[in-house]
Amino acid sequence: MARPKIALIGAGQIGGTLAHLVALKELGDVVLFDIAEGTPEGKALDIAESGPSEGFDAALKGTQDYADIAGADVCIVTAGVPRKPGMSRDDLLGINLKVMKSVGEGIRDNAPDAFVICITNPLDAMVWALREFSGLPHEKVCGMAGVLDSARFRHFLSLEFGVSMKDVTAFVLGGHGDTMVPLTRYSTVAGVPLPDLVKMGWTTQEKLDAIVQRTRDGGAEIVGLLKTGSAFYAPATSAIEMAEAYLKDQKRVLPCAAYCDGAFGLKDMYVGVPTVIGAGGVERIVEIEMNKDEKAMFDSSVNAVKGLVDACKGIDESLA
Ligand code: APR
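Sequence order as written defines the numbering, with residues in each chain counted from 1. Owing to the predicted nature of the model, reporting of local features is limited to residues with pLDDT of at least 70; listing and counting of side-chain atom pairs is limited to 80 or more, with chain, interface and lining totals taken over all residues. No hydrogens and no water enter the side-chain calculation; it runs on all heavy atoms of the structure.

Some points on the packing of aromatic side chains
As a reminder of what qualifies: The pairing test for Phe, Tyr and Trp rings, Trp by its six-membered ring, is centres within 6.5 Å, and the orientation test on the planes gives stacked under 30 degrees, edge-to-face over 60, and tilted for anything in between. Helix and strand definitions follow DSSP, with helices as H or I runs of at least four residues and strands as E runs of at least two, each counted in order from the N terminus.
As enumerated under the stated definition, the model contains seven aromatic pairs in all. Ring geometry for Phe264 against Phe298: centres 5.5 Å apart, planes inclined by 50°, an arrangement best described as tilted. Of this pair, Phe264 sits in the loop between strand S12 (252–260) and strand S13 (269–278) while Phe298 sits in helix H11 (residues 292–315), and the two are 34 residues apart along the sequence.

A short note on the domain arrangement of the chain
Note the cut-off: The split of the chain into domains comes from an automatic or database domain assignment. By buried area we mean the combined loss of accessible area, with a 1.4 Å probe, across both parts when two parts are placed together. In what follows, salt bridge is the name for a side-chain nitrogen of Lys or Arg lying within 4 Å of a carboxyl oxygen of Asp or Glu. Pairs of N or O atoms are called polar contacts if they sit within 3.5 Å, as long as, within protein, a hydrogen donor faces a hydrogen acceptor (for residues adjacent in sequence, only side-chain-to-side-chain pairs).
Each domain of the chain was delimited in the assignment, giving domain 1 (5–144) and domain 2 (146–310). For domain 1 and domain 2, the distance between their C-alpha centres works out to 23 Å. Of the roughly 2,900 Å² buried between domain 1 and domain 2 on both sides combined, carbon and sulfur atoms contribute 75%. Among the residues of domain 1 in contact with domain 2, Asp124, Trp128 and Met144 are the three that bury the most area, contributing 25% of the side total. Linking domain 1 with domain 2 are one salt bridge, by the criterion used here. In this structure, the salt-bridge partner of Glu244 is Lys25, at a minimum N-O distance of 3.8 Å. On inspection of domain 1 and its partner domain 2, the count reaches five residue pairs in polar contact (both at pLDDT 80 or more).

Observations regarding the pairing of S12
Test applied: Think of it in three bands: residues with accessible area under 20% of the maximum for their type are buried, residues over 50% are exposed, and the middle band is partly exposed, with areas taken using a 1.4 Å probe on protein chains only. When DSSP finds two or more bridges between a pair of strands, those strands are recorded as paired.
The buried count for S12 comes to seven of nine residues, which makes it a mostly enclosed element. Pairing of S12 with S13 involves nine bridges; the strand directions are antiparallel. Bridging from a neighbouring strand, Leu254 pairs with Thr275 of S13.

Below is the structure:
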């Protein structure tokens, strides 16, 4: 049987890491697409040359031609520009929205059966726009944010409790931004919810609040340290977890930016919610109950996403 084909649109920091991970995990053959001439070709060749030492079987190709992504099983989108000093959020939105238009059309024309995972920021608005431009079924287009935000939360919690990250589960919902909603009630150490761990004296409410805030600021913390760019190892790993769930029909329960039209009382929008990912793409949205405080935080996050989507509609009339 032929190996799955995985198209990576954007061969920057995250795109290159994605390609390396796909090869190391032998998830399939890789096509790295980028408008920057030489970058995808160079990264593909460099990673291919690590093959003899690693012993993986995967073909890697770099390209500037969308025809090369034809028939891709999975497309992971990181194309776009990061924010630079002096730019407003609307400037960034406008530029990346144009990128989503060309990427969406490229996928529509060449890989319409793919499962598409968007990573480009501002995530929830960009994945919505990418779906609109591509016209693919909603369940086949989603955004990577919740897996990463939850992974950051799990990492910080494991440090606090001195236990393995494997035994920490966490739930982070809402938009991928300052308003994201880490749900402590649904986050556990081996099934014991965080509020119970506070009662048991494993931590204090103050420390837990600080960890929640550090999770919200997780991306900014890395930007502050790197100074020249944003996080790429953990974002790439998170997207690979989602791609693997699709390719292997794992039915993983993973938070991601999924299309909600009815779920959680939302209408025609993408936002971070718990989902089941399998061979059908986003097969189900897990509609958990939220208490009053959690719902208020979720609503404010939803409103922030709606504001960005409205800005997209204002910039590109075809989306309105
Ligand atoms: N089509 C294809 N690739 C493009 C396009 C386009 N229209 N426009 C830009 N690119 C490419 C750039 O040439 C660059 O190689 O996208 C790549 C982006 O890579 P980086 O700048 O290294 O950014 P990265 O750290 O990988 O992040 C990508 O993911 O997490 C988000 O905020 C982040 O939006 C950013 C995206």
